[in-house]
Amino acid sequence: MAQSRKDNYGRVLRKGERYRDQDGRYQYSYLDSRGIRQYIYAKDLAKLREKENELKRDQLDGIDHYVAGHITVNELFDRCMAVKTNLRRTTRANYEMMYNKHVRKGFGERKVGSIKYSDVKLFYHQMVTDDGIQPNTVATIHSCLHPAFEMAVRDDIIRRNPCHGVLGELSNDLGKNTGVRNALTVEQQKAFMGFIKGHETFDHWWPVFMVLIGTGCRCGEFIGLRWQDIDMENRTIDINHSLVRVKRLRNDPDRRLGVSLPKTESGIRVIPMMDQVHEAFQLVYEEQLVTGFNETVIEGMSGFIFKNANGSVLSEQNLNSAIKRIVAAYNMEEEVRAARARREPLLLPNFSVHYLRHTFCTRFCENESNVKVIQSVMGHKNIHTTLDVYAHATGTKKQEAMQSLSAKWKEF
């Protein structure tokens, strides 16, 4: 009968176990589900056998230990997106943009099998506290990661979803995120729009930003507006599609935009035109009678209203670049005017085009009490989104309301 192998301490080694003299580690070898030999290591025999027991438990449960240890978070996310065939293009584009920007480098390169609950929580927390990322953005990133890890659980790659419960606990740690978005104040809005109108350099941007700030359209909905989507006589705007970024194809490298339905079912809506918005469309139409109309065709759609210097549809980058130039020019002039008048300058913050949607929503909430009407015009899927903004916007008017009540109090 063959003698059992032993380590340097005289302990009997099991089948597959070996003590490595060259580095003083214990090794266990096994065949994975594909018949390929794999190895696990530990500095002492007790630790090795803990790993062996965990491995055997996973094998009994049908979990592929090799896949769990070697597939990356990036590979998992890409696979999850590939099987999600019911995502709207706007949502898919947003998820991929957020993931690529904040996750793919670094956290996304880690092995799925090594990710624990505390790793996800620390990752989210660092994004907020160290990188200055808004909690709402972290929530979007969570919407990318949670279903990907959930798919891995269902595929028996990992035992538990490490993202489960993280977002709620993070909200408790950082303070509840009310969903309130940044918006320009009334004074900032007046300063921004007043500076553009009639300006020798920026006047042509006035109709663009008037429509954005006067309708609350999402950027993709705005740049996708066609002349046939607006009814100048009845003063309505039909929001029925959106332009979104698409992956460039080898046979069509110049194609960067595609057509999608709005972000949600609620996004399909009709927005009444304010007088200023009607004026803006009229100015654009009269100008294009002279300069020519937008002839861009995207997936069979044509007749787009707004165009850039090249005659193509506008992009979010075009709009954000224009805002950046306008804000810089305004702030420079305002600082000079304020110094001459010996007053504090009314400076504009650095903001993106999406600020204008939040600004419209805030102004609407400040002047309208019917929350369902606000929800319908904004295209919010969830009434809580509208209620959160409404509560914030109307909260700022409490002092004004109390002063009005005080003036009338003697009549009661």
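Our subject is the structure listed above.
As the structure is a prediction and not an experimental result, all values here were calculated from the model. (Residues numbered from 1 in each chain as written. Predicted model: local features only at pLDDT ≥ 70, side-chain atom pairs only at ≥ 80, totals over all residues. Heavy atoms only, no water.)

### Some words on the sheet that holds strand 5 (residues 236-239)
So, point 1. With antiparallel pairing, three strands are arranged side by side in an open sheet as 4-5-8. Each edge of the open sheet is held by one strand with a lone partner, namely strand 4 (230-231) and strand 8 (269-272).
So, point 2. The sheet contact formed by strand 4 and strand 5 spans two bridges and is antiparallel. Looking across to strand 5, one finds that isoleucine 230 is bridged to isoleucine 237. (Pairing = 2+ DSSP bridges. Helix = DSSP H or I, 4+ residues; strand = E, 2+ residues; numbered from the N terminus.)

### Remarks on empty space enclosed by the protein
So, point 1. On inspection of all chains with the given rule, the structure shows one cavity of 30 Å³ or more.
So, point 2. Within this model, the largest cavity holds a volume of roughly 30 Å³.
So, point 3. Forming the walls of the largest cavity are Phe77, Cys80, Met81, Lys84, Leu87, Tyr95, Ser143, Cys144 and Pro147.
So, point 4. Elements with a minimum of two residues in the lining of the largest cavity: helix 3 (73-83) and helix 6 (135-154).
So, point 5. Grouping the constituent residues of the lining of the largest cavity by class yields seven nonpolar, one polar and one charged. (1 Å grid on protein atoms, 1.4 Å probe; cavity = no way out; pocket = protein on both sides within 12 Å on 5 of 7 lines; lining within 4 Å. Points joined across faces, edges and corners; volume = space filled by probe spheres on them. Nonpolar A, V, L, I, M, F, W, Y, C, P; charged D, E, K, R; others polar.)

### Focus: the packing of helix 3 against helix 6
So, point 1. Between helix 3 and helix 6, the shortest axis-to-axis distance is 9 Å and the interhelical angle comes to 90°. With respect to helix 6, the axis of helix 3 lies roughly perpendicular. Only Cys144, Leu145, Pro147, Ala148, Phe149, Met151 and Ala152 of helix 6 make contact with helix 3, whose side of the interface consists of Val73, Leu76, Phe77, Arg79, Cys80 and Val83.
So, point 2. Grouping the constituent residues of the contact of helix 3 with helix 6 by class yields 12 nonpolar, no polar and one charged. (Axes fitted to C-alpha atoms, helices over the stretch in contact; angles between N-to-C directions. Parallel < 35°, antiparallel > 145°, perpendicular 65-115°, else oblique. Contact = heavy atoms within 4.5 Å.)

### As for the pattern of salt bridges
So, point 1. Applying the stated criterion across every chain, the model contains 18 salt bridges.
So, point 2. A salt bridge links glutamate 265 to arginine 88; the nearest nitrogen and oxygen atoms lie 2.5 Å apart. Of this pair, glutamate 265 sits in the loop between strand 7 (257-260) and strand 8 while arginine 88 sits in the loop between helix 3 and helix 4 (89-102); the two residues are 177 residues apart in sequence, bridging distant segments of the chain.
So, point 3. Residue glutamate 265 is classed as exposed on the basis of its relative accessible area, which comes to 59%.
So, point 4. Its relative accessible area of 17% is what places arginine 88 among the buried residues.
So, point 5. One salt bridge connects arginine 337 with glutamate 333, and the closest N-O pair in it is separated by 3.5 Å. Of this pair, arginine 337 and glutamate 333 both sit in helix 12 (residues 316-341), four residues apart, which is roughly one turn of the helix. (Salt bridge = Lys/Arg side-chain N within 4 Å of Asp/Glu carboxyl O. Buried < 20%, exposed > 50% of the residue type's maximum accessible area, 1.4 Å probe, protein only.)

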